[in-house]
Amino acid sequence: MKLKLMMLPMTCLALAITSAVQASSHREAPFITENPKVDATDFYAFRSYEAGRAGFVTLIANYNPLQDAYGGPNYFSMSPDAIYEIHVDNNGDAKEDLTFQFDFNQRLGNEGKGIALPIDGKNIPVPLVNVGPVTKQDQAAVNFREFYTLNVIKGDRRTGDSMQAMNAATDHPIFAKPLDNIGAKTFSTQSYEQYANTFVHSVRLNGCPSQAQMGRVFVGQRKDSFAVNLGEIFDLVNTDPVGATDGEVDALNDKNVTTLALEVPIACLKGRGTGIIGLWTTASLPQTSSLLEEPKNLRAKRSSGPWIQVSRLGMPLVNEVVIGLPDKNRFNASQPKDDGQFLDYVTKPTLPVLLNVLFGVQAPTVSGRPDLVAAFLTGLKGVNENGSVGEMLRLNMNIAPTAKAEQKNLGVAAGDAAGFPNGRRPGDDVVDAEIRVAMGLLCHLGLNLCTPDQATSGNLPYTDGVLQSAEQFSDSFPYLMTPLAGSPN
């Protein structure tokens, strides 16, 4: 057992390098821990496997990690000072060719004045986000509302051609976000999921080709979609790395996140490329902000200056367990085209060396780790390699989606070409898949990256012990599950 415990941590880094590992990207860098509203936790991109939607790709970016469902009275709004973006490289140069930009704003109830109650002859504002049952149709009891716009930007994210997407139902550029799942009494006239589903909007993506503009968008709270034995992993992998795949507790099982989900026609994403795209999500804040001496309504600071990127996520958990501590903030501010500056973290991983000193275990003996370079920086030949060099989630849109019931949670490694690392679906067990790749699985697949004798343990069934599969998710947009309710009554 002691040897097993030594092998998994080594696995973790090597693996994380190949793409990432363990949790997804919760609290991964020093600066982002101070700004949870712009902390990306998971990013998914896959051919839509909802019936009748095979001509679409679903993009899901989760933010604001580790939400306790009972976290009132203010719950978990998005930042009105930030912009949240999903970037697409469709020509293999590691630069964005298309960006979907979400921009949020907030409003008090009662037409912006706030709900107040008459007390002893004066109207006194209430302290809560709602004062009665809520439906989308009846907002009279809602004291705090969130809205967002969605821009489609062609070319550079800051200087390119930007067009507003339109709510197809209203022909207006404003989309509404539901309240978080406060509890059953607040949503007493319908279930929370029925309420949330009314905020799945049909969207016209102006800026996409005319025949490929109609999609869907949803922004709202969801149950955290990642599953991982988080506490034990970071406690020097205090678990059995070759044990049962459902033998450990998911540390995120009682947490919610905020989801930005967008369904886009394939023809919009493809551009003039081959159909293999690179994707990543970012959040940016204004360069300068100052606290207001006299905050008013919902505003407590004034922001100005150019946008500064503070969060970045493509493949899961790269920054969290691959990038060295001095460079974590730098990685979050960087772009894939500049990832040469982080190459040493891939070709000369530090964790296997540390584990060798501590426990005497041996990492794969592949010089320069070309197997990890392929998985981390270039894509896999014959699967999703597109000529670009940079850390991104790569998706080959020419590969048909796999129905939910037929999905393999180890993706490509299990013969399911529509799964991770060809994009990422909610049910893909990226932890187990990446651990096995990190320990040298690619050396056993005849890819001419390395040889089996350079990774003698590459075929072992490594696992973090927590099950992740398609059965845990819906087979329809936005795929992620109903958030946990703040009140269990």
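Residues numbered from 1 in each chain as written. Predicted model: local features only at pLDDT ≥ 70, side-chain atom pairs only at ≥ 80, totals over all residues. Heavy atoms only, no water.

Participant: Got a minute to help me understand the overall build of the protein chain in this structure?
Facilitator: The helix and strand inventory of the protein chain stands at 10 helices and 16 strands. In the protein chain, buried positions account for 57% of the 489 residues. In the protein chain, once contacts between residues fewer than 6 apart in sequence are set aside, the share between residues at least 24 apart is 71%. Looking at the protein chain as shown, the accessible area adds up to about 19900 Å², and 53% of this sits on carbon and sulfur atoms. (Helix = DSSP H or I, 4+ residues; strand = E, 2+ residues; numbered from the N terminus. Buried < 20%, exposed > 50% of the residue type's maximum accessible area, 1.4 Å probe, protein only. Contact = heavy atoms within 4.5 Å. Areas by Shrake-Rupley, 256 points an atom, 1.4 Å probe, with all protein chains shown as cover.)

Participant: Can you walk me through the packing of aromatic side chains in this structure?
Facilitator: Aromatic rings in a pair are described by how distant their centres are and how their planes are angled relative to each other. Under the criterion given, the structure shown has 13 aromatic pairs. Pairing Phe104 with Tyr148 gives two aromatic rings, centres 5.5 Å apart and planes at 45 degrees, and the pair type is tilted. Residue Phe104 is located in strand S4 (residues 98–108), and its partner Tyr148 is located in strand S7 (residues 144–154); the two are separated by 44 residues in the primary sequence. With a centroid separation of 5.1 Å and an interplanar angle of 65 degrees, the aromatic rings of Tyr195 and Phe199 are classed as edge-to-face. Like Phe199, Tyr195 is buried. The cationic tip of Arg53 hangs over the ring face of Phe56; the distance from NZ or CZ to the ring centre is 4.1 Å. It is Arg312 that lies over the ring of Phe331; its NZ or CZ is 4.3 Å from the centre. (Phe/Tyr/Trp six-rings, centres within 6.5 Å; stacked < 30°, edge-to-face > 60°. Lys NZ or Arg CZ within 6 Å of the ring centre and 35° of its normal.)

Participant: Looking at this structure, how should I read the environment of Asp42?
Facilitator: Position of Asp42 relative to the elements: it lies in strand S1 (residues 40–47). Using a relative accessible area of 0% as the deciding quantity, one classes Asp42 as buried. With 271 residues separating them along the chain, Asp42 and Leu313 place their C-alpha atoms 7.4 Å apart. Side-chain polar atoms of Asp42 contact the side chain of Arg424, separated by 2.8 Å. (Polar contact = N/O pair within 3.5 Å; in protein donor to acceptor, adjacent residues only side chain to side chain.)

Participant: Even after reading the chapter, I still don't get the side chain of Asp180, so can you show me in this structure?
Facilitator: Position of Asp180 among the secondary structure elements: in the loop between strand S10 (175–177) and helix H2 (192–197). Within polar-contact distance, the side chain of Asp180 engages the backbone nitrogen of Phe76 at 3.0 Å. In this view, Asp180 contacts Tyr75, Phe76, Phe187, Tyr192 and Gln221; residues no more than four positions away in its chain are not counted.

Participant: Before we go on, may I ask you to explain helix H9 (residues 370–378) in this structure?
Facilitator: Two residues of an α-helix separated by three or four positions point the same way, owing to the 3.6 residues in each turn. Along H9, seven of the nine residues are buried, which leaves the element largely enclosed by surrounding structure. All of the buried residues in H9 are Asp371, Leu372, Ala374, Ala375, Phe376, Leu377 and Thr378. Within two residues after H9, Gly379 carries a phi angle of roughly 90 degrees, on the positive side.

Participant: Explain the side chain of Asn384 to me, please; I cannot follow it from the model alone.
Facilitator: Within the fold, Asn384 resides in the loop between H9 and strand S16 (393–396). Among the polar contacts listed, one links the side chain of Asn384 to the backbone oxygen of Pro421, at a separation of 2.9 Å. Setting aside anything within four residues of it in sequence, one finds Asn384 in contact with Ile276, Thr378, Gly379, Arg394, Asn396, Pro421 and Asn422.

Participant: What is the right way to read the pairing of strand S3 (residues 83–89) from this model?
Facilitator: Each regular strand displays side chains that alternate between the two surfaces of the sheet. Within S3, seven of the seven residues are buried, which leaves it mostly tucked inside the rest of the structure. The alternating pattern of S3 places Ile83, Glu85, His87 and Asp89 and Tyr84, Ile86 and Val88 on opposite faces, both of which are buried. Relative to S4, S3 runs antiparallel, the two sharing six bridges. Along S4, the bridge assignment pairs Glu85 with Gln101. Direction of pairing for S3 relative to strand S14 (residues 276–296): antiparallel, over a ladder of seven bridges. (Pairing = 2+ DSSP bridges.)

Participant: Just to check I follow, could you spell out helix H10 (residues 430–438) for this structure?
Facilitator: Of all nine residues that make up H10, nine are buried, and the element is covered over most of its length. Listed as buried for H10 are Val430, Val431, Asp432, Ala433, Glu434, Ile435, Arg436, Val437 and Ala438. Gly440 lies just past H10 and shows a positive phi near 110 degrees.

Participant: Could you clarify how one ought to interpret the pattern of salt bridges in this entry?
Facilitator: Any two side chains of opposite charge can pair if their charged atoms end up close together. Summed over the entire model, instances satisfying the criterion amount to 21 salt bridges. Across the salt bridge formed by Lys301 and Asp81, the nearest N and O atoms sit 3.9 Å from each other. Taken together, the positions of Lys301 in strand S15 (residues 299–313) and Asp81 in the loop between strand S2 (56–68) and S3 put the pair 220 residues apart, joining distant regions of the chain. What makes Lys301 partly exposed here is its relative accessible area of 32%. (Salt bridge = Lys/Arg side-chain N within 4 Å of Asp/Glu carboxyl O.)

Participant: Hey, could you run me through the environment of Ala455 in this one?
Facilitator: Structurally, the position occupied by Ala455 is in the segment after H10. You can call Ala455 buried: its relative accessible area is 2%. Each C-alpha atom, one on Ala455 and one on Val366, is 7.6 Å from the other, the two residues being 89 residues apart in sequence. If sequence neighbours within four positions are ignored, Ala455 has contacts with Pro364, Met439, Gly440, Cys443 and His444.

Participant: Sorry, what's going on with the sheet that holds strand S12 (residues 214–223) here?
Facilitator: Working definition: the strands of a sheet are paired by backbone hydrogen bonds and lie parallel or antiparallel to each other. Taken in spatial order, the six strands line up as S1-S2-S13-S12-S11-S9 in an open sheet, and their pairing is antiparallel. Strands with a single pairing partner mark the edges of an open sheet, and in this sheet they are S1 and strand S9 (166–167).

Participant: Even after reading the chapter, I still don't get the state of the cysteines, so can you show me in this structure?
Facilitator: Two cysteines, two sulfur atoms, one covalent bond between them: this is a disulfide. Across all of its chains, the model carries two disulfides by this definition. Paired by a disulfide, Cys208 and Cys268 hold their sulfur atoms 2.0 Å apart. Across the disulfide from Cys208 to Cys268, rotation about the S-S bond amounts to roughly -40 degrees, and the bridge is consequently left-handed. One end of the pair, Cys208, is in the loop between strand S11 (201–204) and S12; the other, Cys268, is in helix H4 (residues 266–270), with 60 residues separating them in the sequence. A relative accessible area of 6% means that Cys268 is categorised as buried. Paired through a disulfide, Cys443 and Cys450 show a sulfur-sulfur distance of 2.0 Å. With the S-S bond torsion at -100 degrees, the cross-link from Cys443 to Cys450 turns out left-handed. Accessibility classification places Cys443 together with Cys450 in one group, the buried group. Of note for the protein chain: the bonded cysteines, numbered N- to C-terminal, pair according to 1-2, 3-4. (Disulfide = S-S within 2.5 Å.)

All quantities given are derived from atomic positions and should not be read as evidence of function.
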